[in-house]
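Here is how the chains run, residue by residue.
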Amino acid sequence: MTLEEDTELREAIRKVTLLNATQHDGKAQTGPVIGKILGEKAELRTRVKELSILVNDVVREVNNLTLHEQKRIVEEKWPESLRKEKVEEEKRLPPLPNADKYAKVVTRFSPNPDCVLHLGSARAIILCNEYARMYKGMLILRFEDTDPKMKRPVLEFYDRIREDLTWLGCKVDEEYIQSDRIPIYYEYAEKLLKDGNAYVCTCNPGQFRERILSREPCDCRDLAPEEHLRRWQRMLEGGYNEGEAVVRVKTDLDHPNPAVRDWPALRVIDTEKYPHPRVGSKYRVWPLYNLACGIDDHLLGITHIIRGKEHLTNMVRQEYMYKHLGWKYPEAIHYGRLKITGAFLSKSKIVQGIREGIYKDWDDPRLATFAALRRRGITPEAIKKMIIDVGPKTSDVVLSWENLYAYNRKILDPTSDRYFFVHDPVELTVKQIPKVLKAKLPLHPDNPERGFREYTITPKGEDKTATFWITKKDVDAAGTGRTIRLMELFNIKLENTKAYSAEASFVSEPYEEARKTKAQLIHWIPIGEDLPCQVIMPDATISEGIAEGACKQLKPNTIIQFERFGFVRIDANNTKLTAYYGHK
Ligand SMILES: [Zn+2]
């Protein structure tokens, strides 16, 4: 028997293919299907070539179905496999190291409020929050705003960041702002200086670099602590200009990484020239990242630091300071980089683009800021699910917008109502409609209980005509003389098409006829029961068109699906509907 004739085998392939398709947004992949079949039927290993022809055929057939049709078949024939899939989907994060050693797990998210948050921060935020919840611990939000010159904080971003965290579903248990804590950093700086574990270096940077690269102390390093305390006082009192003095924490001068050796901890910033947005010119000496972060992690009782592996060197630096102060370094988990291809994740480029007017605002659809994602109807649940699936592994992960869209689609598909949107509208006149017809369109194809949109088509005049809006693309694709079906209404034959008008005549009502002739199913809106509509696309272009009348009652923030177009979020709805496009 050829494999082609083996109906049992074909059915087995169909099952595997359908399951694979429903797990991959309706598109089954040949490779995994063949792999699965060979795993179940080892005897076919000698007939792979024949098998792959058969699989290819089934995959093509399955991929031609919509995701809904695929799910319906699976539900009907193999409901048990669907349940299994759901269990597998619920992924948990791996446990934190040594969590049981601490009375309470405390994590922290510590942004610099010099920009709004974007997708690049999602991993830190979600992992810190999820772990705090998983262990019934605490999440601390700490604003790291101690660089009023180069990474200048901006007041509005403190609030925008809080807003983003709330939207992402994070529960912040405590909040700290480093610019409120400057006296604390001074206190520990003094202690380090007094104990001879830090020094005030007044060398010029070039000189210092030369020495440190050859593993030698600079002229300041070995002076008595009293001298360094004097210099420290002078720093605080304004006796040094920017760049003239820096507090350095002593490390091993032989450390293999020169960037670790005697790292800078505090420096002078001319806050008359660069006032801090919160504390103005009150302080001239500002802690650098490793001093402020290291001291806070200890004082705030952080048990688990969860951050990107680009911070590994910072951990090495801070461990010297912890040793000097007799502290124990928290558990540290360093995850790999998460790259989203095509997403624009450089803070400085975002800020620059806004300043230059390239982007209208922080929620410009071209940006990957949380504000922009929110406006486009990307749900926080989708972001969370994607991040948890990736987990805290150390290898780099590259995801695409499509990955995020797939997560979002899974969440929106069962809950979003369907409506028609005709972009680039063409006025269609249909003649010879035999009687008054009612169209009853389900708000959701799988859940009739969600209700319907209903339109009555009343033919008028001698020619018994009715007029509709349809999309130009559909008219062009069909061409004159072809039969097409207005979804859930009737079949028509296009007779005459011009640039923005078309004529057709009524053919028949039954769907079966359209199916037999493989007529294209298109969406439509009765002229008169319409609403002007604009959809802001991800590239910030505007797709102008017409939404069906039933959309008039949609409230802003509702996410719907415009059939055959994509998921959109209603942004405003008065005399004109404005929506933001999410994805297909
Ligand atoms: Zn020096």
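Residues numbered from 1 in each chain as written. Predicted model: local features only at pLDDT ≥ 70, side-chain atom pairs only at ≥ 80, totals over all residues. Heavy atoms only, no water.

K.L.:
Tell me what's going on with the sheet that holds strand β6 (residues 264-268), and back it up with residues and numbers.
P.N.:
Backbone-to-backbone hydrogen bonds pair the strands of a sheet. The strands run either parallel or antiparallel. Here we have four strands laid out as an open sheet, ordered β4-β5-β6-β7, and antiparallel in their pairing. The sheet terminates laterally at β4 (198-201) and β7 (285-287), the two strands that pair on one side only. For this sheet, the mean angle separating the axes of adjacent strands, direction not counted, is 20 degrees. Strand contacts of helix α8 (residues 182-194): β4, β5 (246-249), β6 and β7, with the helix running at about 85 degrees to β7, the strand carrying the most contacts. (Pairing = 2+ DSSP bridges. Helix = DSSP H or I, 4+ residues; strand = E, 2+ residues; numbered from the N terminus. Axes fitted to C-alpha atoms, helices over the stretch in contact; angles between N-to-C directions. Contact = heavy atoms within 4.5 Å.)

K.L.:
Provide a residue-level description of the pattern of salt bridges, including the pertinent values.
P.N.:
On inspection of all chains with the given rule, the structure shows 47 salt bridges. For the salt bridge of R14 with E61, the shortest nitrogen-to-oxygen distance reads 2.8 Å. Separated by 47 residues along the polypeptide, R14 in helix α1 (residues 7-23) and E61 in helix α3 (residues 48-63) bring together distant segments of the chain. Taking relative accessible area as the criterion, R14 reaches 17% and is therefore assigned buried. In this structure, E175 engages R162 in a salt bridge whose closest nitrogen and oxygen atoms are separated by 2.8 Å. Of the two residues, E175 is situated in strand β3 (residues 174-177) and R162 in helix α7 (residues 155-167); the sequence distance between them amounts to 13 residues. For E175, a relative accessible area of 33% translates into the label partly exposed. Taken together, the shared-partner salt bridges connect R108, R142, E144, R181, D296 and D297 into one network. (Salt bridge = Lys/Arg side-chain N within 4 Å of Asp/Glu carboxyl O. Buried < 20%, exposed > 50% of the residue type's maximum accessible area, 1.4 Å probe, protein only.)

K.L.:
Describe the packing of helix α11 (residues 289-299) against helix α12 (residues 312-325), and please don't skip the residues or the numbers.
P.N.:
The N-to-C vectors of α11 and α12 enclose an angle of 65 degrees; their axes lie 10 Å apart at closest approach. Viewed along their axes, α11 and α12 form a crossing whose handedness is right-handed. Contact residues: α11 offers Y289, N290, L291, C293, G294, I295, D297 and H298, while α12 offers N314, R317, Q318, M321 and Y322. Of the residues belonging to the contact of α11 with α12, the class tally is six nonpolar, five polar and two charged. (Left-handed = near helix turned anticlockwise from the far one by under 90°. Nonpolar A, V, L, I, M, F, W, Y, C, P; charged D, E, K, R; others polar.)

K.L.:
Help me get a handle on the environment of A103, residues and values and all.
P.N.:
Residue position: A103 is located in the loop between α5 (79-89) and β1 (106-109). The class of A103 is exposed, set by a relative accessible area of 89%.

K.L.:
Got a sec to walk through the pairing of β6? Specific residues and values, please.
P.N.:
The buried fraction of β6 amounts to four of the five residues, a majority that puts the element mostly inside the structure. Across three bridges, the pairing between β5 and β6 is antiparallel. Paired with V247 across the strands is L266, a residue of β6. As paired elements, β6 and β7 share three bridges and run antiparallel to each other. Bridge pairing links L266 to P287 in β7.

K.L.:
Can you tell me about helix α6 (residues 122-134), naming the residues and giving the values?
P.N.:
The terminal C-alpha atoms of α6 lie 18 Å apart, and with 13 residues this matches the ideal 18 Å at 1.5 Å per residue to within 8%. Across the 13 residues that make up α6, a large majority, 11, are buried. Along α6, the positions that sit buried rather than exposed are A122, R123, A124, I125, I126, L127, C128, N129, E130, Y131 and A132. One or two residues past the end of α6 sits K136, with phi positive at roughly 50 degrees. (Expected span 1.5 Å × (residues − 1).)

K.L.:
Just give me the short version of the sheet that holds strand β23 (residues 530-536), but keep the residues and values in it.
P.N.:
With mixed pairing, the seven strands of this open sheet are ordered in space as β12-β25-β26-β27-β23-β24-β13. Strand pairing shows two members of the sheet lacking a second neighbour, β12 (418-419) and β13 (421-423), which therefore form its edges. Helix α16 (residues 401-412) rests against β25 (559-562), β26 (566-573) and β27 (577-583) of the sheet, and its axis sits at about 120 degrees to β27.

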